[in-house]
Every structure is written in C-alpha cells, then in structure tokens.
Amino acid sequence: MAARTIQVPQWDSLDFSYRPTGYTYVQEYKGCWEDYTLSQSSDHRIHQAASAINYGQGIFEGLKAQRNKEGTVMVFRPELNAARLQDGAKRMCMQKVVQKQFINAIKLVVQENHMFVPPFGKGSLYIRPLLLGSGPKLGIGPAPSYSFIIFVSPVGPYFKDGTKSIRLKIPEDIHRATLGGTGCIKAIGNYAPGMYHVCKAKEEGFDELLYLDARNNKYIEECGAANFFAVKSGVLYTPPLGGTILPGITRRSVLGIAEVLGIPTEICPLEVSDVFAADECFCTGTAAGVTSVGSIVYQDVESVYHDGAVGPVTQKLRDALQDVKSGAQHKLLEPFYEWNMRVG
Ligand SMILES: *Cc1c(COP(=O)(O)O)cnc(C)c1O
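Residues numbered from 1 in each chain as written. Predicted model: local features only at pLDDT ≥ 70, side-chain atom pairs only at ≥ 80, totals over all residues. Heavy atoms only, no water.

Some details on a nonpolar patch on the surface
Definition in use: What makes a patch is a set of residues exposed beyond 30% relative accessible area and free of salt bridges, joined within 9 Å when like-charged and within 5 Å when nonpolar (Val, Leu, Ile, Met, Phe, Trp, Tyr). Calculation of accessible area relied on Shrake-Rupley with a 1.4 Å probe; when residues are assessed, cover is drawn exclusively from the protein chains displayed. Definition used for salt bridges: Asp or Glu carboxyl oxygen within 4 Å of a side-chain nitrogen of Lys or Arg. The helix count covers DSSP runs of H or I at least four residues long, the strand count covers runs of E at least two residues long, and both are numbered beginning at the N terminus. Throughout this description, buried means an accessible area under 20% of the type-specific maximum (1.4 Å probe, protein chains only), exposed means over 50%, and partly exposed covers the range between.
Together, Tyr-55, Leu-138 and Ile-140 give the surface a local cluster of nonpolar side chains, amounting to about 390 Å² of exposed area. Mapped onto the secondary structure, Leu-138 falls in the loop between β6 (124–133) and β7 (146–155). A relative accessible area of 72% places Leu-138 in the exposed class.

Quick look at the structure:
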C-alpha cells in the first residue's frame, strides 16, 4: 500500500470534529481474540447482517490523551473506561475486552499517533474505542463475532466557545433512558433517539437538553452526553446514578476533587425547583470537561446563573480538573497524580 501522509492540524483552530490520524487499532473476535492490526484506513468492512448495524449490539467509550508541560503524553483514568466497557459488554451480551487488553490497546494507539496529540494547552487526542457485534445474525440475538476498534482524533473544545456558558432546555415529555434500559452503559443506540429533539432545541437557540427521569417526569437526570451538577450555598449536588444515568468518569473525578478542595458534596435527587434555586450549574463529560450552564429553561420559564458567566465553584472545579488532567504539580492535587497513565 502506498504510504499516506496526513497533515498535522493547525493546533490553534481545533474544534470538536473528526480529523484523520495515522493509525486505528483493530482486533477481531472469532471464537477467540485474534492478533490486533494497526490499520491506516478509516474504513472498516462489516457484514451486512452484523448485529451492530441491524440491532444496535454495540457500545463505545470516550477518553482523552493530552500532554503535560514537559510534553509527556498522558491518558486520564483508562482503567475506568476499561471497566465500563466490560459492564457494557455484559449488558449487551457481547464478548468482553479484558482490562489488560484494553489498556495495551489504548497505549499502542496513542503511541502510534503521538504526532496528533496537540501540544500542551492546545487540546487533546480524543480516543474512541468501539465494540461491535460484527458477525452475521439474522434472528435477533448476540453476534457470532465481534470487532474491537479504537480510532483517535485531535480535538479542541466540545462546545463552540469552550469557555462560555451553555443554555439548556428541560423537555417536558421526552426522556433519554428508562429503568431496566441501557441508559447506564454507553450503548450505541442510546443517542440517535434524542437527535431529533436536540436538533429542534438547537434551532430554538439551546445547546443541549437536560432530561428528567422517565418514571416521574420530575427528577433531573443528565444532559445528552454529560452529567449534571448544581451548586447551592457552597454545596455541590448531583443526582444519584440509579440505573438510568451514565456513570461518568468526569462526574466521579469532580466529586473526588471537590472533596479535596473542601467543597461539600451531596448525591441526592434534584427537582426542577432545586435547580432553579441553585447558584451555579454545570455539566461534566470527557468531551465537554466541566461546562458552565448559563441558563436553563423549563415550561417557558428561564433561570439564569451568574448572568450567564461562569460561577466561582464551577471555575474552581474546572481549573482543578484541567490541572489534574494536564499533570500540573500542585501539593493539593497530589492524591490525583496517579489518575494519569503515561504513555511516553
Ligand atoms: C459518556 C457520557 C457521559 C460522560 O461520561 P464521562 O466518562 O465523564 O466522559 C455522560 N452521559 C452520557 C449519556 C454519556 O454517554
């Protein structure tokens, strides 16, 4: 095959969109996991009767690699993504990827694409593992074979102006997840059902939807792909996971960091009225980091936080998380140094 040359992007103009890189990790399961390959193609052959594309038997992950000041590339808490992918595999009757296999694959794909990891402070390399039922299955049931693919893409901020606050809408009878469903794993099928509603909300000038629980239509759950937090009188609140909320690694990390920073945390159900009475709100996710919420609309009533500016607790947590992820050396953040896996 002729060698390809892929341009390294302009680091200053990175946004959250797909850009080609050098290599993709590909591994097939056919009775056992075969040897991996590093593919230079962004296309993958898949059987037309594959359970992933017919029935949604597929899960994904999202994590990031970034450079510290010295230029060392680090991946944030990959063992938690490994564990979550295993939980998802079990729920979706898929062949699992064991932790060592996952971590080695992440290391390898990042090392092979090291030139696409942005310089310190310019963004990160987004890592997207996919586990798909790739063998033919006409009757509904688990596929006979699986593909474990990891592609990467250098990214900047998720929301257009990453430092600004976003505008959320709480829809009245639209839900993301139900009890007994797959809201607590990163199933590929979880996202398409919301696209119609999110597109409509974007036309109305919102950035995302903030979903209520499906059973009571009352308790705040999360945003489309980010967990939700509120701050009231210095206390940090977030809803309990409960099977319908995706257990975010950023959520878990922010709760850990808040404790060390002396910010009291409380995991409890939040109603719309609680959120409207809050001093600050923010969302968390690997893609979005800590994203300040400037306003929330529910039934045509709008609650604005800090005049749409970033609140002090949000700012503090955002900075601390960013410092931890970029390997900053603060005495206070020492307990979190081990969260970064160095890959070279
Ligand atoms: C991935 C995801 C999140 C955030 O999880 P992180 O591990 O923090 O990236 C939150 N909600 C949903 C629905 C998600 O898919």
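So much for the structure itself; the text now carries on.
Points about the site of the ligand
Threshold: Put simply, a residue is near a molecule or strand once any heavy atom of it comes within 4 Å of that molecule or strand. Whenever two N or O atoms come within 3.5 Å, that pair is a polar contact, provided that in protein one can donate a hydrogen and the other can accept it, and provided that, for residues adjacent in sequence, both atoms are side-chain atoms. Ten residue types, Ala, Val, Leu, Ile, Met, Phe, Trp, Tyr, Cys and Pro, are classed as nonpolar, four, Asp, Glu, Lys and Arg, as charged, and the remainder, Gly among them, as polar.
Around the ligand, the structure places 15 residues, and the nearest of them are Lys-186, Tyr-191, Glu-222, Thr-250 and Thr-286. Residue Glu-222 places a side-chain N or O atom 2.5 Å away from a nitrogen atom belonging to the ligand. In isolation the ligand offers 380 Å² of accessible surface; the protein chains occlude 96% of this area. Grouping the constituent residues of the shell around the ligand by class yields five nonpolar, six polar and four charged.

Looking at the nonpolar core
Inclusion rule: Residues grouped as a nonpolar core are buried Ala, Val, Leu, Ile, Met, Phe, Trp, Tyr and Cys residues, joined through side-chain atoms within 4.5 Å. Here, residues are in contact when the closest pair of their heavy atoms is within 4.5 Å.
Membership of the largest hydrophobic core comes to 35 residues, with the highest contact counts inside it found for Val-75, Phe-102, Ile-106, Val-110, Ile-127, Leu-131 and Phe-148. Secondary-structure elements contributing two or more residues to this core are β1 (24–29), β4 (63–67), β5 (73–76), α2 (78–91), α3 (99–112), β6 and β7. Counting residues per element, this core draws most heavily on α3, at seven residues. For Ile-106, the residues in contact, after removing those within four places along its chain, are Leu-63, Val-75, Ile-127, Pro-129, Ile-150 and Met-341. If you look at the next biggest cluster of nonpolar residues, it comprises 23 residues, including Leu-210, Val-275, Cys-281 and Cys-283.

Structural notes on helix α7 (residues 312–325)
Inclusion rule: To estimate how far a helix should extend, the number of its residues minus one is multiplied by 1.5 Å. Here the arc refers to the set of directions running from the helix axis out to each C-beta atom.
End to end, α7 covers 20 Å across 14 residues, agreeing with the expected 20 Å (1.5 Å per residue, within 8%). Every buried residue of α7 is accounted for by Val-313, Thr-314, Leu-317, Arg-318, Ala-320, Leu-321, Val-324 and Lys-325. The buried residues of α7 occupy one face: seen down the axis, they fall within an arc of 165 degrees. Of the residues trailing α7, Gly-327 is marked for its positive phi of about 70 degrees.

Looking at the side chain of Thr-244
Along the chain, the position of Thr-244 falls in the loop between β12 (235–238) and α5 (249–260). If we ignore the near neighbours within four places in the chain, the residues touching Thr-244 are Arg-176, Ala-177, Thr-178, Leu-179, Gly-183, Glu-221 and Glu-222.

Focus on the side chain of Glu-222
Tracing the sequence through the fold places Glu-222 in strand β10 (residues 220–223). Looking at Glu-222, the relative accessible area reads 2%, which means it is buried. A polar atom in the side chain of Glu-222 sits 2.8 Å from the backbone nitrogen of Leu-246. Sequence-distant contacts of Glu-222, defined by excluding residues within four places in its chain, comprise Arg-176, Leu-209, Leu-210, Tyr-211, Asn-227, Phe-228, Thr-244, Ile-245 and Leu-246.

A short note on α5
When the terminal C-alpha atoms of α5 are compared, their 17 Å separation across twelve residues agrees well with the 16 Å that a helix rising 1.5 Å per residue should span. Among the residues of α5, those classed as buried are Ile-249, Thr-250, Arg-251, Ser-253, Val-254, Leu-255, Ile-257 and Ala-258. One or two positions beyond α5, positive phi appears at Gly-262, with a value near 80 degrees.

Let's talk about the packing of α2 against α3
Put simply, the rule reads: Structural elements are reduced to axes, namely lines fitted to C-alpha atoms, with helices fitted over the stretch in contact, and the angle between N-to-C directions of any two is expressed from 0 to 180 degrees. Angular relationships are summarised with four words: roughly parallel below 35 degrees, roughly antiparallel beyond 145, roughly perpendicular across 65 to 115, and oblique for the angles in between. Should the near helix be turned anticlockwise from the far one by less than a right angle, the crossing is left-handed, and should it be turned clockwise, the crossing is right-handed.
At their nearest, the axes of α2 and α3 sit 9 Å apart, and the two run at 130 degrees to each other. Between α2 and α3, the angle is such that the two are oblique. The handedness of the crossing between α2 and α3 is right-handed. Residues Pro-78, Glu-79, Asn-81, Ala-82, Leu-85 and Gln-86 of α2 form the contact with α3, whose own contacting residues are Gln-99, Phe-102 and Ile-103. Classifying every residue of the contact of α2 with α3 gives five nonpolar, three polar and one charged.

Focus: the packing of aromatic side chains
This is how the line gets drawn: By convention, a stacked pair of Phe, Tyr or Trp rings (six-membered ring in the case of Trp) has centres within 6.5 Å and planes under 30 degrees apart, an edge-to-face pair has planes over 60 apart, and any other such pair is tilted.
Within this structure, the stated rule accounts for twelve aromatic pairs. With a centroid separation of 5.3 Å and 70 degrees between ring planes, the pair formed by Phe-16 and Tyr-126 is classed as edge-to-face. Of this pair, Phe-16 sits in the segment before β1 while Tyr-126 sits in strand β6; the two residues are 110 residues apart in sequence, bridging distant segments of the chain. Overall, Phe-16 belongs to the partly exposed group, its relative accessible area being 27%. Take Tyr-126: its relative accessible area is 10%, and that puts it in the buried class. Note on Tyr-29 and Tyr-146: the rings are 6.4 Å apart at their centroids and 55 degrees apart in plane angle, and the pair reads as tilted. Taken as a pair, Tyr-29 in strand β1 and Tyr-146 in strand β7 lie far apart in primary sequence, 117 residues in all. Taken individually, Tyr-29 and Tyr-146 each receive the classification buried, so the pair is uniform in this respect. Among the aromatic residues, those joined into a ring-pair cluster are Tyr-25, Tyr-29, Trp-33, Tyr-36, Phe-102, Tyr-146 and Phe-148.

Side note on the pattern of salt bridges
According to the stated counting rule, one finds eight salt bridges in the structure shown. Of the charged contacts, one joins Glu-271 and Lys-218 as a salt bridge, the two residues approaching to 4.0 Å between their closest N and O atoms. Of this pair, Glu-271 sits in the loop between β13 (265–267) and α6 (272–276) while Lys-218 is found in the loop between β9 (208–212) and β10, placing the two residues 53 residues apart along the sequence. Residue classification places Lys-218 among the partly exposed residues on the basis of a relative accessible area of 36%.

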